[in-house]
Structures are given as structure tokens and as C-alpha cells.
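Letter by letter, the chains look like this.
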Amino acid sequence: MAIKLLPPADHFEPAPPTKIPLEYVSLTTIDLSLYDDGPAARSALASQIHDAMTTQGFFTVINHGISQSTITRQVDIGHHILKNTPPSEKERLRASMEVQGSYHGFKPRAHWRTAGDVRDQIENFNVFRDMALREQPTCMETFRPEIQDFIDVAHKDVLFKLLRLFAIALGMEDEDTFVKLHDYNGRDETFLRYMQYYDAFTDAERQTTKGVWLAGHQDFTSLSLLFSQSMACLQVREYGTDEWKHVPYAPGAIIVNAGEVMAWWTGGYFKASIHRVIEPPADQRGRDRCGVFYFALPNDEVVINTLLDESPVLRDAGVKMAHEVDKAPTSKEWITNRIRITLQNAVWEGKSESDKTTVERVGNVTTQWFR
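A brief structural summary. From a predicted model like this one, the values you see are computed outputs, not experimental measurements.

**Focus on the packing of helix H1 (residues 39–53) against helix H4 (residues 144–169)**
Logical step 1: For the pair H1 and H4, interaxial distance at closest approach is 8 Å and the crossing angle is 80 degrees. Between H1 and H4, the crossing angle belongs to the class labelled roughly perpendicular. Counting all contacts with H1, which are made through Arg 42, Ser 43, Leu 45, Ala 46, Ile 49, His 50 and Met 53, the residues of H4 involved are Leu 162, Leu 165, Phe 166, Ile 168 and Ala 169.
Logical step 2: Residues that form the contact of H1 with H4 fall into these classes: 9 nonpolar, 2 polar and 1 charged.

**Observations regarding the nonpolar core**
Logical step 1: Of all hydrophobic cores here, the largest spans 105 residues; its most connected members are Phe 59, Ile 147, Phe 178 and Leu 223.
Logical step 2: Ranked by residues supplied to this core, first place goes to H4 with 13 residues.
Logical step 3: Those residues in contact with Ile 147 that sit more than four places away from it in its chain are Gln 74, Ile 77, Ile 81, Val 127, Met 131, Met 140, Leu 192 and Tyr 194.

**A short note on the sheet that holds strand E11 (residues 244–246)**
Logical step 1: Pairing is antiparallel in the open sheet, where 6 strands are placed in the order E11-E10-E13-E8-E16-E15. Edge positions in the open sheet fall to E11 and strand E15 (357–362), since each of these has one partner strand only. Strand after strand, the sheet turns through a mean of 30 degrees between neighbouring axes, direction not considered.
Logical step 2: Where E15 lies against strand E16 (residues 365–370), 6 bridges are found, and the strand directions are antiparallel. Of the residues in E16, the one forming a bridge with Thr 358 is Trp 369.
Logical step 3: Across the sheet, helix H9 (residues 331–341) is in contact with E15 and E16; its angle to E16 comes to roughly 40 degrees.

**A closer look at the pattern of salt bridges**
Logical step 1: For the coordinates displayed, the defined rule picks out 21 salt bridges.
Logical step 2: Its salt-bridge partner being Glu 238, residue Lys 245 comes within 3.6 Å of it at the nearest N-O pair.
Logical step 3: Overall, Lys 245 belongs to the buried group, its relative accessible area being 17%.
Logical step 4: We classify Glu 238 as partly exposed; its relative accessible area is 22%.

**Here we look at the environment of Glu 135**
Logical step 1: Note on placement: Glu 135 falls in the loop between strand E6 (122–127) and H4.
Logical step 2: Taking the C-alpha atoms as reference, Glu 135 lies 26 Å from Phe 227; in sequence the two are 92 residues apart.
Logical step 3: Polar side-chain contacts of Glu 135 include one of 2.7 Å to the side chain of Arg 92.

**Focus: the sheet that holds strand E7 (residues 191–197)**
Logical step 1: The sheet built from 8 strands is open, its strands ordered E1-E2-E12-E9-E14-E7-E6-E3 with mixed pairing. Each edge of the open sheet is held by one strand with a lone partner, namely strand E1 (29–31) and strand E3 (105–107). Sheet twist, expressed as the mean angle between neighbouring strand axes with direction ignored, is 25 degrees.
Logical step 2: Relative to strand E14 (residues 289–296), E7 is paired through 7 bridges, and the arrangement is antiparallel. Its bridge partner lying in E14, Tyr 197 is registered against Arg 289.
Logical step 3: Along the sheet face, helix H2 (residues 68–84) touches E3, E6, E7, strand E9 (223–227) and E14 and points at about 70 degrees away from the line of E7.
Logical step 4: Running at roughly 125 degrees to E9, H4 makes contact with strand E2 (58–62), E6, E7, E9, strand E12 (254–258) and E14 of the sheet.

**Points about unusual backbone geometry**
Outside of glycine, negative phi angles account for most residues, and trans bonds account for most peptide bonds.
Logical step 1: Phi at Ala 110 is positive, roughly 75 degrees, even though this residue is not glycine.
Logical step 2: Tracing the sequence through the fold places Ala 110 in the loop between E3 and strand E4 (113–115).
Logical step 3: According to the relative accessible area criterion, Ala 110 is partly exposed, its value standing at 38%.
Logical step 4: Residues other than glycine seldom take positive phi values, yet Lys 210 does so here, at roughly 55 degrees.
Logical step 5: Looking at where Lys 210 falls in the secondary structure, it is placed in the loop between helix H6 (203–209) and strand E8 (212–217).

**Here's the deal with the environment of Pro 8**
Logical step 1: Here Pro 8 shows up in the segment before E1.
Logical step 2: Residue Pro 8 is classed as exposed on the basis of its relative accessible area of 70%.
Logical step 3: Separated by 135 residues in the primary sequence, Pro 8 and Phe 143 have C-alpha atoms spaced 9.2 Å apart.
Logical step 4: Once residues lying within four places of it in the same chain are set aside, the contact partners of Pro 8 are His 80 and Phe 143.

**Some points on the pairing of E12**
Logical step 1: Counting buried positions over the 5 residues of E12 gives 5, a clear majority of the element.
Logical step 2: Neither face of E12 is exposed, since Ile 254, Val 256 and Ala 258 on one face and Ile 255 and Asn 257 on the opposite face are all buried.
Logical step 3: As judged from the 4 bridges shared by E2 and E12, these two strands associate in the antiparallel manner. Residue pairing in the sheet places Phe 58 in a bridge with Asn 257 of E12.

Basis of the calculations
- Residues numbered from 1 in each chain as written.
- Predicted model: local features only at pLDDT ≥ 70, side-chain atom pairs only at ≥ 80, totals over all residues.
- Heavy atoms only, no water.
- Axes fitted to C-alpha atoms, helices over the stretch in contact; angles between N-to-C directions.
- Helix = DSSP H or I, 4+ residues; strand = E, 2+ residues; numbered from the N terminus.
- Parallel < 35°, antiparallel > 145°, perpendicular 65-115°, else oblique.
- Contact = heavy atoms within 4.5 Å.
- Nonpolar A, V, L, I, M, F, W, Y, C, P; charged D, E, K, R; others polar.
- Core = buried A, V, L, I, M, F, W, Y, C linked by side-chain atoms within 4.5 Å.
- Buried < 20%, exposed > 50% of the residue type's maximum accessible area, 1.4 Å probe, protein only.
- Pairing = 2+ DSSP bridges.
- Salt bridge = Lys/Arg side-chain N within 4 Å of Asp/Glu carboxyl O.
- Polar contact = N/O pair within 3.5 Å; in protein donor to acceptor, adjacent residues only side chain to side chain.

Pasting the structure below:
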């Protein structure tokens, strides 16, 4: 049998795992290989998700069906695209964040505010599952079939299984409730992201940012899938504390967190995880951090409010509606407005050092930032 050769991609060499002792958060581990073992097995997995979501908003998924070699290959493809797309093409294919409120395309460095007047050192490229909807970078074309396969498995297999487990965890009669809100054939702002952090801050900038590369926040998603990375940069702030702890590296695993959409669907019963990205420990400094993510959002027309009618668990818990009925945004309204304001404003201006949370208005609703 002939071996199919993949087109060459510039390899990204990740930093070796740190040997420096750090304080790590303990996350629930979901073994997704048990999903097909029947209703009892799915109920047990859903119970694990319920516990993780009512406390941290984070969990780890193993045995999800995507190999480590495939993940490594996708990181290489993302690194290749970011490295080899000419600046003029990146600018032409720049995501319309300010006008359309969309991340589809390239997000350049220095678009986000980090702290004070310091701008970010993060570059990313974001692609929607229907790649024909917009022009793609020339150097991506040879990888298009691999990218499409990866998106399809992430969305139709991993994401849909998790969404069914979320529905079971909430006692929903229709286990496809959340799946239907993320119809693969629908239109929304869901995207695959290739993201590279550059260790390029000056000493003066590091003093201003206090080593923070991406400010504390909650994702605007329903669910976010991060393919685990060796660089010890991701931190979680557990609810009820101001303490930040590192997320441990889990080779081949997916780190899953709930975003603000899931929190609203559950009236805050399920937590939107609080997290940030900081500079790595000393033995990983001077290296870049490149990764692949899948950010899931409901279809554009979906109105986001608490699903009390669908969930007896939420009703029994006495959960209230997240929004007044006439102020609940559609997915499109929420995402568009949220992307437009993300890390654009001086949200900490006038706040004291003791303030660890601040609120910013987004249309009829609000988002929060953390430190």
C-alpha cells in the first residue's frame, strides 16, 4: 500500500516541560473513550462534567480520538501559516474585528491592550469551518484538506459528544439540545484558531504587565477546546479566591472550558472559567508558544438566555434567568459586540490595586475582566 505523503510544513519546536516547581490546579479528567459504552457510562461522564462545571468551569479530556501526531501536525500548520504568509497578505486578510466584530482571518500583534499602554505580542489566524466563505492565505491551500478534517472531527465528534454530556448533566429530555444550537450547517462565529505568543516584551514592558501575556478573562464562547501545550503559561483563578494556579500539561489531551454563553444558558449554575496567560517559568523563557484551539459558539440566530424550560436541574436549583427577555442577545449580537470591545479599553482605569474584577458593558449585557 502506498504511503500518502503530507505536504511539508515548517515544524514548531515547543519548549520542553518545565522542571521548576509550580502550583498546579487539579482538574477533572473526562475519558471520552467511555462515551460509547452505553447510557450508564454517559451518565457517569455527565456527572463528572456537572461537578467540574459547578466549581471551576474547566476539565481535561483524554482519549478523544485525535492523536498526538495529528495535534502536532496542526500546530506545525498553524506555525507555517503565521510564519510564511507575507505581511501584505496578512493585512489584506486581516480579521474585521473593529467593524464586523469577527475574528475570521488574521489578528496581528498589538491589537489588544495588555496593561497601561503596552500592547500584546500575540498573533493568530482564525478559520471558519466553511472555508469557501472567504479568501484564505495562499500558503494555507496545500493544507486545506487536513484543516477541514481536523475541524470536522473537533466539531462533529468531540464537541457534539461534550454538548450531549452537558445536556445529560442538566437533565434535559432532548440530549441534542445544545447540538442543535451548534448546527454544523448553520452560520456562526465558531472558529479554529492557530495562535502564537511571542516572548518579545522589553524589560520595561514586563514591569508594566507584571508578566501577563493575556489578561484575565472568561471566553465569550459556549465551549473552548485547547489542545494541551507544554509551555507553563495558562493559569486558572478558582471561584471564591484571588489565587491563580497553573494548568498542568497533559500530552495529547484537550483542556476544555465553559465560556460566558454556557454560563448564561445555565443562569450561572455552570461556571465560565476565569483564566489568563502569563510568561513562562525561567527554563522556558525566550521561546514562543504556538497552539491550536477550537472555539465553539451557537448559530447566529440563537437567543442566549437561561434554558429553564429545558432543564429540571436548573429549575430545582432555583436558577433565575440571566437576562431580561427583551435584553437577551442573539449569538451574533453578543459575539459581534464582544469582539469589537475586547481588550480595547482601559477597563482598570480608576481602580485600586485591591480590585481584582472589573465589569465592561457589551450592548445590553456585560463582560468581566480579572487580575
